[in-house]
Amino acid sequence: MTKALVIVESPAKAKTISKILGKDFQVKASIGHVRDLPRNKLGVNVRKNFEPQYEVLREKEPIVEELREAAKQVDKVYLAPDPDREGEAIAWHLSELLDLPKNKLHRIEFNEITKEAVLAAIKSPRQIDKRLVDAQQARRVLDRLVGYKISPLLWRKVNGRSAGRVQSVAVRLICEREAEIESFDPKEYWSIKAELSRARSKQTFTAALVKYEGKRVISASDKPGTNTLVIDSEKKAKSILKNVDGEEFVVNSVTEKTSQRQPLPPFITSTLQREAATALGYPVKKTMQIAQQLYEGVELGSQGPSGLITYMRTDSTRVSTQAQDEARDYIKSHFGKTYVPDKAKQYTSKAKGVQDAHEAVRPSSVEQTPESIRSYLSPEQYKVYKLIWERFVGSQMTPAELLTTTVEIGAGDATFRASDTKTKFAGFTIVYNRPGADDNGEEDQEATSLPELDKGEKLKLKQLDPKQHFTQPPPRFSEASLVKTLEDLGIGRPSTYAATVNTIVDRKYVEKQQKQLAPTNLGKAVNLLLVEHFGDVVDVGFTAEMELKLDQIEEDKVEWHGMLKAFYLPFGETLKKAEENMNKVLVLSDQICPNCGQAMAVRSSRFGQFLGCVGYPECKTKIALTRDGKPVPEDRPSEEKCNTCKSPMLIRYGRYGDYLACSAEECKEQRPILKLTGVACPRDGCGGQIIEKKSRHGKLFYGCSHYSQKQCQTAFWYPPVLSGGPRGGNRCPKCESLLIYKTLKRGDQIACSSKECEFAELADTALIKHA
């Protein structure tokens, strides 16, 4: 009989911790939240002090029952969800549902899933922190009040899907940026560069015009002053060229300046998301999924399972003294004393409302270098881990020392300038030196390679190069830049950034265009109504203030029921006025009604969105839309024949995508479009083929072509190995069952499809050809 039960949220985390703790502990997963507000009603008793009416999630009822039975068999229950508000709330809900007395309940938390950290947590448990729970409850109830009260209005007035407190502010920011872009008036300006060389040299360099007739030359986007000049027309540029051409170019000054390039702090959630987007092209959601895998643990061969990074949802750049000492020792032994600063680097965050609850995102151990564990990681895991490892090690190193040479060259009334920066000492850049932009998004200044020049030296002019420019509007938000803006404004928290971006895209309020976020017509219409009638709720300052109040609840400075009451009273009045005054808004599409020529508007029904003529009810034309919001395509011919009447089959679009339908009006045969894998069903006498299928939840799996007819139940979550695959065949050498390809965190495997057989071997990625 086990001594204790440990409950975590995720099966992957449970597996890692189970191997660390051994047989004396039973480790089970709740698989996220087990109790929440009801899905089909408000679930908040406004009249009874905003009391939440929680219920066990239907799909979690078997899990709760299993955990309840397991808890009865042990003396101690360790609740080990993530170390944040959500994790504390999960622990509290579990303690309530399992009816755990105080002497049996032990809340533990760890910032990294390593043997040392987990065992240390077991030795120092605590009780549940009700302040963290209250802060999470306040956020959940606040979001539910806003969403459930405003969403029905949007449904009736603009066919909007729903409204969220933080998501609506994000949509507002994107819409306002789009309005700036649309109203932007570009202004013309010119730059002039001179291509120069020494008198007896072929090496050339370029210098930009920086002064003319005593005035500083600026671009049209710079702030003008009393002694500045904008070359705003071709005429003015040609006039300057005429005056400068023929003048003698003489070096007026040569100055050298030594500077330092400071290392960047270790990652927090938002900077990790931005860097992964810039360096790897990963969307926010993907970055967080990979970071979660690295945190929860990876099997490292004979070393066993281990979490590779610290908790990835954090707004703090703080690092433990132990981690700093380990990093300094590693740097000294691998790079030398000169790369180790006299004092360990300390970083502070300038963002609003920093909670500083956890350490920065860093490797659990710097000794686990990216290359040393590469064979255990997927390519994507390796790339993200490499970013985190290099950023952290670099953050604990000495600054880079730079030498910048600036040359000013006179030519009559004009002054040209060129600069060249060389690295005197690499410092942290020997580990982490990403070109392009620093952590603030500022690009490196343009530089040129300069020859050795002396003051008073005469130079040879090769050519003058005038170039026309126009001021540019502010760019659309990318996922990464939106996260940075939300963080700078104090809106949302590390755990909410990815969910916020995903929600506004899923609800069709925003769409991605070449990795940039642009508002849809629906998003613009929803934002217009929300700003007009709920301006305070979607106000940036108000939302940031709410986040601070949630932090104050966690700090036990504000009572959460009182905070909700203070919000809800004015919100209720605003809601009443909106119900009376909000007009219905039509979201027009680009489609024209084929019957009457009027515009088609986006409308919604319980079956999804469709296009309806604005002339309704006189004109009742409707056009169905696909899940992507595009008109449903017409029937298309196929090469298939009907099994019933032998007529040609048509490809028709339905609720779940394309399918085959008989072209004969009197025949009703329909069947799915089979995506063959080329592998026969392994069941004796079946005669079917293994094909790609989708579950009712939309998840891809591989099953027999007779599966839908309930003649055969053969099905796998992973694709089958083709006959003649990397092993030369597709049958298990132990039991003759079909082999499948498993894509796992520690690498791709060829494994047996039988649950009774444990055969598995690492697959050579280059040889994998998914069915």
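Residues numbered from 1 in each chain as written. Predicted model: local features only at pLDDT ≥ 70, side-chain atom pairs only at ≥ 80, totals over all residues. Heavy atoms only, no water.

**Topic: the packing of aromatic side chains**
Note the cut-off: What counts as a ring pair is set by centres within 6.5 Å for rings of Phe, Tyr and Trp (its six-membered ring), and what kind of pair is set by the plane angle: stacked under 30 degrees, edge-to-face over 60, tilted for all other angles. A run of H or I in DSSP counts as a helix once it spans at least four residues, and a run of E counts as a strand once it spans at least two, with each numbered from the N terminus. For the exposure calls, accessible area comes from a 1.4 Å probe over protein chains only, and a residue counts as buried if that area is under 20% of its type's maximum, exposed if over 50%, partly exposed in between. The criterion for a charge sitting over a ring is simple: Lys NZ or Arg CZ within 6 Å of the ring centre, and within 35 degrees of the ring normal.
Per the counting criterion, the structure on display carries 13 aromatic pairs. Measuring from ring centre to ring centre gives 6.0 Å for Phe701 and Trp717, while their planes differ by 70°; the resulting arrangement is edge-to-face. Residue Phe701 is found in strand β31 (residues 700–704), and its partner Trp717 is found in the loop between β32 (715–716) and β33 (739–744); the two are separated by 16 residues along the sequence. For Trp717, a relative accessible area of 51% gives the class exposed. The rings of Phe50, Phe534, Phe542, Phe567, Tyr568 and Phe571 are connected pair by pair, giving a single aromatic cluster. Residue placement shows Arg35 over the ring face of Trp92; its charged tip is 5.4 Å from the ring centre. It is Arg374 that lies over the ring of Tyr382; its NZ or CZ is 3.9 Å from the centre.

**Observations concerning the sheet that holds β32**
The following threshold applies: Pairs of strands are assigned from DSSP output, requiring at least two bridges between the strands.
Read from one edge of the open sheet, 4 strands run β29-β30-β31-β32, paired in antiparallel fashion. Of all strands in the sheet, those with a lone pairing partner are β29 (675–680) and β32, marking the two edges.

**A look at the environment of Ala498**
Just so we agree on the cut-off: Residues count as neighbours in contact if any of their non-hydrogen atoms are within 4.5 Å of one another.
The residue Ala498 is located in helix α13 (residues 497–506) in this model. Classification of Ala498 by relative accessible area gives buried; the value is 14%. Sequence separation between Ala498 and Gln273 is 225 residues, and the spatial gap between their C-alpha atoms is 8.9 Å. For Ala498, the contacting residues outside a window of four places in its chain are Gln273, Val284 and Met288.

**Points about the sheet that holds strand β1 (residues 4–8)**
Filter applied, for reference: Angular values range over 0 to 180 degrees, each being the angle between N-to-C directions of two axes fitted as lines to C-alpha atoms, with helices fitted over their stretch in contact.
The parallel open sheet is built from 4 strands, whose spatial order is β2-β1-β7-β8. The outermost strands of the open sheet, each flanked by one partner alone, are β2 (25–29) and β8 (105–107). Here the strands of the sheet are splayed against their neighbours by 25° on average, with no regard to which way each runs. Two strands pair when backbone bridges link them, and strand β7 (residues 76–79) and β8 are joined in this way by 3 bridges, in the parallel orientation.

**What about the side chain of Ser270?**
Mapping Ser270 onto the fold places it in helix α8 (residues 269–280). The exposure class of Ser270 is buried, given its relative accessible area of 1%. Contacts of Ser270, omitting those with residues within four sequence positions, involve Val483, Glu487 and Tyr497.

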